[in-house]
Amino acid sequence: MKLGSGARMSPRPSYTLWLPVLCGLAACGMSPPPRQLIDARAAYNEARLGKAAELAPAELHTAKVSLNAAEQAYLDDPESAETYTLSYVALRAAELVKVQADTKRYKAELDDAQREMDRLESDEIARTRSELIRTKHELASERQAREAAEAREHDAMQRLARSAALSVKEEPRGTVIVLPGNVLFASGQYELTSEAQHKLGMIADTLTPQARNHDIVVEGHTDSKGTPASNQLLSENRARAVMDYLIARGVPAGSITSVGIGQARPVSDNATSEGRANNRRVEIIVKPAEMR
Amino acid sequence: MMTGNTRLAAGLWAALLGLGCGGSSAPSERLVLAEAAIRGGIEINANVNPPRAALHLQLAQEQVEKAKRYISDGMNERAELALRQAQADAELAIALARAEEMKQKATAAKIKVERLKAGRPL
């Protein structure tokens, strides 16, 4: 009794291989084995001779037990339905062994790749950590150097303020050196006095080393006497005169600019002569390094 | 007219009666196991991928259907054999699906390794 044709079985058996056996069986009067059994034998042998013996020995043993059962059933009754089914099951068991061996091989490849990935990631983390530490050290060194430079510049400004008797103020826009107008120029003029040149020489000596790291702006301011237009022009000319002198004394031209503010930003009351004197001034602003 | 379930129930009762009279009992436990194996295969998409797994799961389902008809007809020994085949096909289908999944994971991991080695983002 047979339950099915087994037409969908694979792989195809090698009938040539089993031909002598079949002939022998025929000579003994025994029915040839079902195709499922022939295929099961071939599949089992293929598994046994392949990687399965190494990778899936337990599963290979199970397939062997299954094949033995099919062989026994065949010996008991070659044409029984049980022989067919046990052969079918033995074939599937042999195929299963090969698949399970493949699975274990893929699993081993996955584990190898995972270990390699972990190693590479550990190396990357160590490298990143090392770079981070180096960067921190570099930043700390830069900060120390900047703080030292700022301290030197501050000391230089204080010395300048004392020696030149000038007002030096720290403001959000930077360090501001205030030069009274009456010290620098004759009334309504913009040619520098000799005293102005002396003070500006001292200022230039202080500013020249700082000009590498700071922008410098020279602002001209006037009182409110005269017209706004004339005051604007006068403030521009005075600021430019100061700037030109500083450049002539060594301050890099690329670091310094001048601007005339006119009477727009008084610091004192223009109604009094003292207030007007305060408003006539030139301011030299040394901008903070980060505002460049 | 009897439905499939009614036929199966009738067959199981007939099998029980047959057991009382000395015949073999319905392979209900094996039926449960085979159907569970098929459900397990479907849960891991063995009915879809890879194609070879889908084929074996289909064979298993056909054998289970055949076994149910045998049980309905009181042919319990035939049902038992069909269910053995179903079980073997379902287990092979599950193994094939798991092998495919593992293969894809291994391939993806190897690609990641190569990208890491080449300094490219994953």
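Please read these numbers as outputs of a predicted model, since none were measured by experiment.

> What should I look at first to understand the interface of chain B and chain A in this one?
Put simply, an interface is often sized by how much accessible area is lost when its parts join up. With 24 residues of chain B in contact, the opposing surface of chain A contributes 24 residues. Ranked by residue count, the leading element in the side of chain B that touches chain A is helix H4 (residues 76–118) of chain B, at 23 residues. When the residues that make up the side of chain B that touches chain A are grouped by side-chain class, the tally is 13 nonpolar, one polar and ten charged.

> Whenever I open this one, unusual backbone geometry confuses me. Can you help?
Trans is the prevailing form of peptide bonds, just as negative phi is the prevailing case for residues other than glycine. Put simply, B:Asn49 and B:Pro50 share a cis peptide bond, and its omega is -5°. Mapped onto the secondary structure, B:Pro50 falls in the loop between helix H2 (28–43) and helix H3 (51–72). Look at A:Ala165: it is not a glycine, yet its phi comes out positive at around 55°. Assignment of secondary structure puts A:Ala165 in the loop between helix H5 (81–164) and strand E1 (167–171). Its identity is not glycine, yet B:Asn45 carries a phi of approximately 65°, on the positive side. The residue B:Asn45 is located in the loop between H2 and H3 in this model.

> Just checking my understanding: could you explain the nonpolar core for this structure?
Soluble, globular proteins show a tendency: their nonpolar side chains are buried together. One finds A:Ala94, A:Val97 and B:Ala93 to be the most contacted residues of the largest nonpolar core, which totals 58 residues. Elements supplying a minimum of two residues to this core: helix H2 (35–49), helix H4 (57–76) and H5 of chain A together with H2, H3 and H4 of chain B. By residue number, the principal contributor to this core is H4(B), which donates 16 residues. Apart from residues lying up to four places away in sequence, A:Val97 is in contact with A:Ala47, A:Ala52, A:Ala56, A:Glu59, A:Leu60 and A:Ala63. Judged by nonpolar contacts, the second largest core, of 24 residues, contains A:Met157, A:Leu192, A:Leu200 and A:Ala241.

> Explain the sheet that holds E1(A) here, please?
Remark on secondary structure: sheet strands pair via backbone hydrogen bonds, oriented parallel or antiparallel. Residue and element names in this part refer to chain A. One open sheet accounts for five strands, arranged E1-E2-E5-E3-E4; its pairing is mixed. The sheet terminates laterally at E1 and strand E4 (256–262), the two strands that pair on one side only. This sheet shows a mean twist of 20° between the axes of neighbouring strands, independent of strand direction. Pairing of E1 with strand E2 (residues 174–180) involves five bridges; the strand directions are antiparallel. The partner of valine 168 across the bridge, within E2, is isoleucine 177. Here helix H7 (residues 194–210) sits on the sheet in contact with E2, strand E3 (216–221) and strand E5 (281–286), set at roughly 15° to E5.

> Just checking my understanding: could you explain the pairing of E2(A) for this structure?
Along any regular strand the residues' side chains alternate between the sheet's two faces. Residue and element names in this part refer to chain A. Where E1 hands over to E2, the hairpin turn is made up of two residues, counted between the paired strands. As paired elements, E2 and E5 share six bridges and run antiparallel to each other. Bridging from a neighbouring strand, leucine 179 pairs with valine 282 of E5.

> Could you clarify how one ought to interpret the packing of H2(B) against H4(B) in this entry?
Residue and element names in this part refer to chain B. Following both chains from N to C, one finds H2 and H4 inclined at 20°, their axes separated by 9 Å at the closest point. With respect to their mutual orientation, H2 and H4 come out roughly parallel. Pair H2 / H4 crosses with left-handed handedness. Of the residues in H4, those in contact with Arg30, Leu31, Leu33, Ala34, Ala37, Ile38, Gly40 and Gly41 of H2 are Glu80, Leu83, Ala86, Gln87, Ala90, Glu91, Ala93, Ile94 and Ala97. Among the residues forming the contact of H2 with H4, the class breakdown is eleven nonpolar, three polar and three charged.

Cut-offs applied
Residues numbered from 1 in each chain as written. Chains lettered and ligands numbered in written order. Predicted model: local features only at pLDDT ≥ 70, side-chain atom pairs only at ≥ 80, totals over all residues. Contact = placed C-beta atoms within 7 Å. Helix = DSSP H or I, 4+ residues; strand = E, 2+ residues; numbered from the N terminus. Nonpolar A, V, L, I, M, F, W, Y, C, P; charged D, E, K, R; others polar. Core = buried A, V, L, I, M, F, W, Y, C linked by C-beta atoms within 7 Å. Buried ≥ 20, exposed ≤ 12 C-beta atoms within 10 Å, placed from the backbone. Pairing = 2+ DSSP bridges. Axes fitted to C-alpha atoms, helices over the stretch in contact; angles between N-to-C directions. Parallel < 35°, antiparallel > 145°, perpendicular 65-115°, else oblique. Left-handed = near helix turned anticlockwise from the far one by under 90°.

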